[in-house]
Amino acid sequence: MTAMFDQELREQLALARAELAAAREAGDADGVQAYLGRVASLLRLAAHHGIELPHTPEEEQGES
């Protein structure tokens, strides 16, 4: 996989994690679920392409 793809994936994951944190801080339960799903989706995409990214079990499952 190209370095550009890897970098874009990492940037998207960082953005999704920041949005997840903001949703949690705001008490936005729907936003939390949506961003957990986004994080889980990005982690699955990374794994599919052989990119290992640090993550929590919660993020992997997309559950709060």
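Residues numbered from 1 in each chain as written. Predicted model: local features only at pLDDT ≥ 70, side-chain atom pairs only at ≥ 80, totals over all residues. Heavy atoms only, no water.

Student: Quick question: what am I supposed to make of the overall build of the protein chain here?
Tutor: Scanning the protein chain for helices and strands turns up three helices and zero strands. Reading the helices (α) and strands (β) of the protein chain from amino to carboxyl end gives α-α-α. Here the protein chain has a C-alpha radius of gyration of 12 Å; the compact-globule value for 64 residues is 11 Å, and the two agree. Dimensions of the protein chain, computed from the C-alpha atoms along their principal axes, are close to 35 × 20 × 15 Å. Within the protein chain, the fraction of its 64 residues that count as buried is 27%. Considering only contacts in the protein chain between residues 6 or more positions apart, those separated by 24 or more positions represent 53%. Taken as a whole, the protein chain presents about 4,300 Å² of accessible surface, with 54% of it coming from carbon and sulfur. Separation between the mean location of the 5 positive side-chain charges and that of the 12 negative ones in the protein chain comes to 3 Å. (Helix = DSSP H or I, 4+ residues; strand = E, 2+ residues; numbered from the N terminus. Rg over C-alpha atoms; globule rule 2.2 N^0.38 Å. Buried < 20%, exposed > 50% of the residue type's maximum accessible area, 1.4 Å probe, protein only. Contact = heavy atoms within 4.5 Å. Areas by Shrake-Rupley, 256 points an atom, 1.4 Å probe, with all protein chains shown as cover. Lys, Arg positive; Asp, Glu negative; His and termini not counted. Charge placed at Lys NZ, Arg CZ, Asp CG, Glu CD.)

Student: So what exactly am I meant to see when it comes to the side chain of Glu59 here?
Tutor: With respect to the helices, strands and loops of the structure, Glu59 is situated in helix 3 (residues 57-61). With relative accessibility at 9%, the residue Glu59 sits in the buried group. A polar atom in the side chain of Glu59 sits 2.8 Å from the side chain of Arg17. Leave out the neighbours within four places in its chain, and Glu59 touches Arg17, Leu36, Val39, Ala40, Leu43 and Pro54. (Polar contact = N/O pair within 3.5 Å; in protein donor to acceptor, adjacent residues only side chain to side chain.)

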